[in-house]
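An overview of the molecular structure
Here's the letter readout for the chains.
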Amino acid sequence: MKLKEALAEGRRRLMDAEIPDAGLDAWYLLEFVTGISRARYFTDPDQVLSEEQYAAYQEHITRRSAHIPLQHITGTQEFMGLEFSVNENVLIPRQDTEILVEQALEILKRKDFSSGDKAKILDLCTGSGCILLSVLYYCRVPAEGTGSDLSEKALEVARRNAARLKIPASFIQGDLFESLRDTEERFDMILSNPPYIKSAEIAGLQEEVRLHDPVMALDGREDGLYFYRAITEQSGSWLREGGYLLFEIGYDQAEAVSSMMREHGFDDVEIKKDLAGLDRVVYGRYSKKD
Ligand code: GLN
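My aim in this report is to walk through the structure given alongside it, one point at a time.

The rules behind each value
- Residues numbered from 1 in each chain as written.
- Predicted model: local features only at pLDDT ≥ 70, side-chain atom pairs only at ≥ 80, totals over all residues.
- Heavy atoms only, no water.
- Pairing = 2+ DSSP bridges.
- Helix = DSSP H or I, 4+ residues; strand = E, 2+ residues; numbered from the N terminus.
- Axes fitted to C-alpha atoms, helices over the stretch in contact; angles between N-to-C directions.
- Core = buried A, V, L, I, M, F, W, Y, C linked by side-chain atoms within 4.5 Å.
- Buried < 20%, exposed > 50% of the residue type's maximum accessible area, 1.4 Å probe, protein only.
- Near = heavy atom within 4 Å.
- Polar contact = N/O pair within 3.5 Å; in protein donor to acceptor, adjacent residues only side chain to side chain.
- Areas by Shrake-Rupley, 256 points an atom, 1.4 Å probe, with all protein chains shown as cover.
- Nonpolar A, V, L, I, M, F, W, Y, C, P; charged D, E, K, R; others polar.
- Phe/Tyr/Trp six-rings, centres within 6.5 Å; stacked < 30°, edge-to-face > 60°.
- Contact = heavy atoms within 4.5 Å.
- Salt bridge = Lys/Arg side-chain N within 4 Å of Asp/Glu carboxyl O.

**Considerations on the sheet that holds strand β6 (residues 187-192)**
Backbone hydrogen bonds are what pair the strands of a sheet, in a parallel or an antiparallel way. Taken in spatial order, the seven strands of this open sheet run β5-β4-β3-β6-β7-β9-β8, and their pairing is mixed. Lying at the two open borders of the sheet, with one neighbouring strand each, are β5 (170-173) and β8 (266-273). The sheet shows a mean angle of 15 degrees between the axes of neighbouring strands, taken without regard to direction. In this structure, β6 lies alongside strand β7 (residues 239-248), joined through five bridges in parallel fashion.

**Some details on the nonpolar core**
In this structure, I121, V135, M189, L191 and L246 are the most contacted members of the largest nonpolar core, which totals 32 residues. Elements represented by at least two residues in this core include exactly β2 (82-85), α6 (98-109), β3 (119-124), α7 (130-138), α8 (152-165), β6, β7 and β9 (279-286). Here this core takes seven residues from α6, the largest share from any one element. Among the nonpolar cores identified, the runner-up in size contains 26 residues, and L239, F247, I249 and V282 belong to it.

**A word on the site of the ligand**
Taken together, the residues surrounding the ligand are L91, T97, C125, T126, G127, C130, I131, N193, P194, P195 and A217. Note that a nitrogen atom of the ligand is positioned 3.0 Å from one of the backbone N or O atoms of C125. The backbone of T126 places a nitrogen or oxygen atom 3.3 Å from a nitrogen atom of the ligand. Compared with its free state, where it exposes 300 Å², the ligand has 97% of that area covered by protein. Looking at the shell around the ligand, its residues break down into seven nonpolar, four polar and no charged.

**Overview of the packing of aromatic side chains**
The tally for this structure, following the rule as stated, stands at nine aromatic pairs. Ring plane angle 70 degrees and centroid distance 5.3 Å describe the contact between Y41 and F42, whose orientation is recorded as edge-to-face. The class for Y41 is buried, based on a relative accessible area of 8%. Here a set of aromatic residues connected by ring pairs shows up, and it is made of W27, Y41 and F42.

**Focus: the pairing of β9**
Regular strands place side chains that alternate from one sheet face to the opposite one. In terms of residue burial, β9 counts as a mostly covered element, since eight of its eight residues are buried. Pairing geometry for β7 and β9, over five bridges, is antiparallel. Bridge pairing in β9 links Y244 to R285. Alignment of β8 against β9, held across six bridges, turns out to be antiparallel. Of the residues in β9, the one forming a bridge with E270 is Y283.

**Concerning the environment of Y286**
Mapping Y286 onto the fold places it in strand β9. Through-space distance from the C-alpha of Y286 to that of H264 is 8.5 Å; in sequence the pair is 22 residues apart. Setting aside residues up to four positions removed in sequence, Y286 forms contacts with G236, L239, R240, E241, G242, G243, H264, G265 and F266.

**Observations concerning unusual backbone geometry**
Phi angles above zero are rare outside glycine, and H67 is one such case at about 70 degrees. Positive phi is not limited to glycine here, since D268 has a value of about 45 degrees. With respect to the helices and strands, D268 occurs in strand β8. Accessibility expressed as a relative area gives 54% for D268, which makes it exposed.

**A short note on the pattern of salt bridges**
Overall, the coordinates contain 14 salt bridges when judged by the stated rule. Taking the shortest distance from any N to any O, the salt bridge between D96 and R280 comes out at 3.2 Å. Here D96 is found in the loop between β2 and α6, whereas its partner R280 is found in strand β9, with 184 residues between them in sequence. According to the relative accessible area criterion, D96 is partly exposed, its value standing at 31%. Taking the relative accessible area as the measure of exposure, R280 reaches 9% and is therefore buried.

**Topic: the side chain of Q253**
With respect to the secondary-structure elements, Q253 resides in the loop between β7 and α11 (254-263). In this structure the side chain of Q253 is engaged in a polar contact, spanning 3.1 Å, whose partner is the backbone oxygen of Y196. Of the polar contacts made by the side chain of Q253, one reaches the backbone nitrogen of G250; its length is 2.6 Å. Non-local contacts of Q253, meaning those with residues more than four positions away in its chain, are made with Y196, G224, L225 and Y228.

Below, the structure is given as structure tokens:
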């Protein structure tokens, strides 16, 4: 079986299964199986796959046809130019979340962002660790980071990512700030992309998300705002004065989350849009001690 024949077959099978971006996914799976880059493919599309490679390719196409996310088959997702391990225990990193990371990096660059010797960063609902680890990877000021998550299985993935990318960070299990209870630690920045979908809307999501992303990474309870409320109410106790809280939000949550933040002592509350022009990030500076 030649590469080009396998690719055409994979593409057709994915199209029949109504997989969006069938051609692209057929390509990614072929690359995953053979290790052949797109550039090399074009120099020799008549190259022949081994029997094992063809069998593996067909099996992956079958799984993808059943709407298993591509990333669960390949086990990775690129985010901020870095490769993250993923599995069914973590939310697959989304490109929109890069807006949150870029905003955090922008703040960390500012002169007025002064603190001790190191900027202390906390990432709540860290999942794969993609947010915290890419902020630590790219930030130019000395920084140290902690990621927390309720799911021990998610933290295993985050720790594996930290080790693979050689980024030192600590990961702790607990419900939001719970496991920090006994520390005196105060942070310069709290980041979070919490679950923010209304419970009733989960059933209407596409199959890849609804059945394969962990529900606990999606479900923001009845009004979708549960975690914003809980985090905003408690953040004041964990931020140093002048520290920042940054959230990823759903497209229709900017107003609710900004007013929540203003009510809880945050100033300069700003909204950032994503590449599609939708509200995506809300952030503000903590200025009032209780
Ligand atoms: N922080 C992780 C991410 O943005 C996980 C978010 C979540 O589980 N809601 O990918």
